[in-house]
Amino acid sequence: MTLTEKDSQYLWHPYTQHKTAQAPIAISRGEGALLWDENGKEYIDAIASWWVNPFGHSNRFIADAIYKQLTTLEHVLFGGFTHEPAIKVAEKLMEILPKNQQKIFFSDNGSTAVEVAIKVALQFFFNKKEKRTTIIAFENAFHGDTFAAMAASGISFYTQAFQGMFIDVVRIPVPVKGQEQESFDALRAVIEKHDCAGFIFEPLVQGAAGMVMYEPEALAKLMQICKENNVLTIADEVMTGFGKTGKTFAMDYVTEVPDMICLSKALTGGTIPMAITTFTQEVFDAFYDDDINKALFHGHTFTANPTGCAAALASIELLHTEEMQANIERIHKSHLDFQKKIEKHSKVITARTLGVIFAVEIKSDSEESYYGSMRTKLYNFFIDKGVVLRPVGNIVYILPPYIMSDEQLQKVYKTIEDAIEMV
Ligand SMILES: *Cc1c(COP(=O)(O)O)cnc(C)c1O
């Protein structure tokens, strides 16, 4: 039996209707931007395996750091104990995060990073005996699949089975070009009408919505409105963090600073699941009290896993090498050239680029759903050609590992051009 055949006997995959889905491809090896399946077929990983892998598969530098940590201290509980890898990660983040971030809290994945931020926003006001129980989020946001993260997410079929079981979330339009005023007005109206604790947003790029982009000035304006009304701001940088937008964090483009930041995905270079939520001193101080009831009673068994911390440290070191920064710049320029070329195509609605993120919207006769027929056609075409791309409806995006070569990148572009001709 092949791995693929054995898989169907036991395994339940994410976001998959097993009755109608094609069998998954068994990957046996990865190196750099490439993956190989069990039959030896080669694939270019043009989405960095769900945006986690900036430095390539099986990266030796990170692997060595992990091995060294595994054979020194693989794990120790973080309740009542601490360790150097966690402290080093904190010190490193203090150097590179917006300056108002002062405290860091570890968890395991993007959803838990968001879960922690939302719980902190709600308890912040509970501790101050102020009734504020509503969270504000963008339409079509994606913040993860645990309950509070789902509540804040707007992609309907991910969450439709659970409607009516969520915390209170009110949605405002994303301030994309031409819609800024509508977004500002909606935020003011929501704050007027509800007791708002926090506003959570994906800064500058909404990943799962199909790389929807908006300007830093618009976000700054929304954040100012929140500040004027004592609504806490939560930047979900789970996707955008660690260089994807061309700067270390998307918030580096924005003049306002958030109260909390959620990090995961590329944090460990795509090796070990880990997440971090960061806070201002002011947020932390609302929990700092002689009264034990004001503490944050939240934790995960693997909180601040030393091996994960070692992977994060190695990754951040790689990110800030001249070579990696040059790679980000190179990919960005290459995307801009491709954008200029492709946006004139008669079947293209629009194309957009920020940092290493590129997206193109393809014209379609019918309203395209997230997992609609055009999406399936495109996905299969890409896989057949040996390129891993997961279109969102009629939107094809590229989010490559930063080490992807020009030649590989050109092959990805060419495959997208061919796909546009095909549909
Ligand atoms: C992926 C993602 C999450 C959820 O992260 P998981 O690790 O999948 O739980 C949250 N927010 C954003 C912006 C994401 O892209």
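Higher on the page you've got the structure.
Everything numeric in this text was worked out from a predicted model, so none of it was measured. (Residues numbered from 1 in each chain as written. Predicted model: local features only at pLDDT ≥ 70, side-chain atom pairs only at ≥ 80, totals over all residues. Heavy atoms only, no water.)

Trainee: Quick one: what's the story with the pattern of salt bridges, residue by residue and with numbers?
Mentor: One pass over the full model with this rule turns up 14 salt bridges. Between E95 and K92 there is a salt bridge whose closest N-O contact spans 3.1 Å. Here K92 and E95 lie together in helix α4 (residues 84–96), a separation of three residues that amounts to about one turn. Exposure remark for E95: the relative accessible area of 51% places this residue in the exposed category. By relative accessible area, which is 26% here, K92 ends up partly exposed. As a salt-bridge pair, K227 and E256 come within 3.8 Å of each other at their nearest N and O atoms. In this pair, K227 is assigned in helix α9 (residues 216–228) and E256 in the loop between β10 (232–236) and β11 (260–263), connecting sequence segments 29 residues apart. Residue K227 is classed as partly exposed on the basis of its relative accessible area, which comes to 33%. Overall, E256 belongs to the buried group, its relative accessible area being 19%. (Salt bridge = Lys/Arg side-chain N within 4 Å of Asp/Glu carboxyl O. Helix = DSSP H or I, 4+ residues; strand = E, 2+ residues; numbered from the N terminus. Buried < 20%, exposed > 50% of the residue type's maximum accessible area, 1.4 Å probe, protein only.)

Trainee: So what's going on with the site of the ligand? Residues and values would help.
Mentor: Surrounding the ligand, one finds W51, N109, G110, S111, F142, H143, G144, E202, D236, V238, M239 and K265. In the environment of the ligand, an oxygen atom lies 2.8 Å from a nitrogen or oxygen atom belonging to the backbone of G110. For the ligand, the accessible surface in isolation is 380 Å², of which the surrounding protein chains cover 84%. Split into classes, the residues belonging to the shell around the ligand amount to four nonpolar, five polar and three charged. (Near = heavy atom within 4 Å. Polar contact = N/O pair within 3.5 Å; in protein donor to acceptor, adjacent residues only side chain to side chain. Areas by Shrake-Rupley, 256 points an atom, 1.4 Å probe, with all protein chains shown as cover. Nonpolar A, V, L, I, M, F, W, Y, C, P; charged D, E, K, R; others polar.)

Trainee: I'd like a description of the sheet that holds strand β15 (residues 387–388), backed by residues and values.
Mentor: With respect to topology, four strands assemble into an open sheet ordered β1-β2-β3-β15, the strand pairing being mixed. Whereas interior strands pair on both sides, the edge strands pair on one side only; in this sheet they are β1 (27–31) and β15. Judged from the four bridges that link them, β1 and strand β2 (residues 34–37) form a sheet pairing that is antiparallel. Residue pairing in the sheet places E31 in a bridge with L34 of β2. (Pairing = 2+ DSSP bridges.)

Trainee: I'd like a rundown of the packing of helix α3 (residues 60–70) against helix α11 (residues 306–319), residues and numbers included.
Mentor: Each packed pair of helices is defined by two parameters, the angle between the axes and the distance between the axes. Viewed as axis vectors pointing N to C, α3 and α11 meet at an angle of 150°, and their least axial separation amounts to 8 Å. The pairing of α3 with α11 is recorded here as roughly antiparallel in orientation. The two elements α3 and α11 cross, and the hand of that crossing is right-handed. Contacts between α3 and α11 involve F61, I62, A65, I66, Q69 and L70 from the former and P306, T307, A310, A311, A314, S315, E317 and L318 from the latter. Partitioned by chemical class, the residues of the contact of α3 with α11 number ten nonpolar, three polar and one charged. (Axes fitted to C-alpha atoms, helices over the stretch in contact; angles between N-to-C directions. Parallel < 35°, antiparallel > 145°, perpendicular 65-115°, else oblique. Left-handed = near helix turned anticlockwise from the far one by under 90°. Contact = heavy atoms within 4.5 Å.)

Function cannot be inferred from these measures alone, as they are strictly geometric.
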